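Structure at a glance
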Amino acid sequence: MNITTKIVEKYSTDSKIFFLFEDALTDASLLESAEKKAVKAIIKSKDFEGKNGETLLLYLEEKRLFLVGLGKKEEMTIRTWKHAVGTVAMVAQKKKITACSFLLSKKVLSSLEVVQMAKTGTVALSNALYAFDEFKDKEDKVVEVKKVEWILEDEKVKKEFNTGIKSGKAIAEGVEFTRMLGNTPPTQMTPEMLAKEAKKLEKTFDTIRVKALGKKQIEAEGMGCLLGVSRGSVLPPRFIIVEYVGKKEKNPTVLVGKGITYDSGGLSLKPDPYMKDMKFDMLGAATVLGIIKAAAGLKLKRHIVGLIPACENMPSGDSFRPDDILTAMNGKTVLIENTDAEGRLVLADALSYAHKYNPKEVIDFATLTGACMVALGNERSGMFTPEDELAEKLNKSAEIVGEQVWRLPVGEEYSKAVKCEVADIKNLGGVGHPRFGGASTAAAFLQFFTSDKKGKSYPWMHIDLSSCYYGESGKSYIRGGANGFGVESFIEYLK
Ligand code: BES
Ligand code: ZN
Ligand code: ZN
């Protein structure tokens with residue numbers, strides 16, 4: 001996609017897109033007089049009221065004019081903007097329009113910060129236009145939108161907008177990478193393939209180094225939990241290490257991502273319909289890779305290490321079993337009560353491994369529990385951390401980019417719930433009932449591995465990715481499947 005900016009006199013496409021608030025047409029300087037007249041008449045008729053998400057298509061002398069509502073100006077947020085840009089881009093793409101001009105009046109631009117608007121708008125555009133359609137017949141693929149121009153009224157704004165677009169493009173590439181990895185079918189997006197995709201980053205960016213440990217090396221590291229989960233699969237596990245050095249730091253930020261390339265539940269097999277969508281169980285890993293790709297594209301002055309334990313969770317004659325006791329890399333033993341609670345197991349080894357880096361902070365991303373989805377729905381992800389400072393920082397970052405997280409508790413009652421009679425800890429536990437508080441007991445399980453043998457621990461935050469994919473029909477501004485949640489927030493967090 002080729003996105004350019006142009007100033008008002010020079011727009012060069014046949015399809016204009018005009019944003020307006022829910023009021024009389026008080027700001028129409030970018031429209032020609034015939035257009036102004038038509039828009040005024042429509043507003044008067046109330047066929048279009050400028051409500052948030054509302055779109056209308058007009059034809060004026062063989063040219064198209066899309067109207068997009070932003071709702072009330074005083075209620076405008078970056079989320080409103082994101083959804084409006086995405087919605088109209090998808091409407092236009094479905095009409096097979098390959099070039100269009102977005103008209104941005106001074107009034108619209110004054111409602112939010114300009115650079116942020118350009119950045120988020122660029123990501124929203126890219127998100128709206130992306131489709132996972134490589135398996136579809138040529139005629140059924142979406143059209144490629146080749147040119148988008150932003151029509152702005154003055155040079156200063158244009159300069160700021162260009163800055164935002166540049167960053168937005170790098171972020172969008174990270175987001176798209178996450179979505180592609182997540183959407184690819186599980187028999188193709190195997191642990192080995194995930195490692196290959198990570199290696200591609202090393203080829204593209206000279207600031208990235210990738211190492212993928214194979215089964216032998218994983219054994220040598222003593223990652224008994226990752227090995228336990230993977231043994232039911234015919235595919236060997238990988239432990240992928242991605243290091244981005246934009247600036248050498250003594251204490252890097254470590255990002256850990258759950259990379260279960262398929263979660264059948266293992267011997268505790270998932271019943272129908274719960275196995276569906278379990279190709280997305282590697283979206284934690286994909287989020288980490290997307291963040292690192294975007295960070296490298298932006299040349300962030302940071303040192304970031306990504307750790308990805310990758311394997312499949314499958315039933316077989318050689319699977320790990322309920323009643324097994326596995327030994328994690330840090331020597332702690334884990335009783336298996338249910339093989340479907342596998343994410344916390346592979347993360348236990350990765351969180352243990354993270355100590356090697358003497359990290360400033362460790363953030364893990366995982367499609368860890370159905371319980372988090374039950375609690376929050378799929379428009380927000382769960383955030384768990386004992387550190388108020390990290391929580392506040394992430395809340396702020398998410399708000400700036402229009403993503404949503406909600407803090408859920410970790411604490412003594414949840415930690416107690418995973419204590420075990422026959423091993424150090426068990427992989428299932430609830431407060432008051434084996435399944436009560438499932439998202440928090442899963443988090444408390446992970447927390448157990450954030451201190452090393454000497455009891456030294458690093459600042460840690462866990463993200464339960466309950467909002468990382470949508471059902472088939474998607475939203476008006478993004479198609480279904482993996483949605484890239486988290487990349488924008490964490491780029492804001494890390495910068
Ligand atoms: N990958 C699942 C969690 C999940 C479920 C993510 C649905 C997204 C959508 C995880 O491995 C799992 O199966 N968790 C179990 C834990 C239970 C056995 C304690 C769950 O949530 O039911
Ligand atoms: Zn599972
Ligand atoms: Zn899982």
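Located above this text is the structure these notes cover.
Please read all numbers here as calculations on a predicted model, not as lab measurements.

1. A look at unusual backbone geometry
That bond from D272 to P273 is cis: its omega, 5°, falls within 30 degrees of zero. Counting through the fold element by element, P273 comes out in the loop between β10 (259–263) and α9 (283–298). Positive phi outside glycine occurs at K46, with the angle close to 70°. Along the polypeptide, K46 turns up in the loop between α1 (33–45) and β3 (55–60). The exposure class of K46 is exposed, given its relative accessible area of 58%. One non-glycine residue with positive phi stands out, namely D277, at about 80°. Along the chain, D277 turns up in the loop between β10 and α9.

2. Let's talk about the pattern of salt bridges
Counted by the stated rule, this structure contains 24 salt bridges. Salt-bridge contacts for K72 lead to E22; the nearest nitrogen and oxygen are separated by 3.7 Å. Taken together, the positions of K72 in the loop between β4 (63–69) and α2 (78–94) and E22 in the loop between β2 (15–20) and α1 put the pair 50 residues apart, joining distant regions of the chain. On the basis of relative accessible area, K72 is assigned to the partly exposed category, the value being 36%. Residue classification places E22 among the partly exposed residues on the basis of a relative accessible area of 27%.

Conventions we followed
- Residues numbered from 1 in each chain as written.
- Chains lettered and ligands numbered in written order.
- Predicted model: local features only at pLDDT ≥ 70, side-chain atom pairs only at ≥ 80, totals over all residues.
- Heavy atoms only, no water.
- Helix = DSSP H or I, 4+ residues; strand = E, 2+ residues; numbered from the N terminus.
- Buried < 20%, exposed > 50% of the residue type's maximum accessible area, 1.4 Å probe, protein only.
- Salt bridge = Lys/Arg side-chain N within 4 Å of Asp/Glu carboxyl O.

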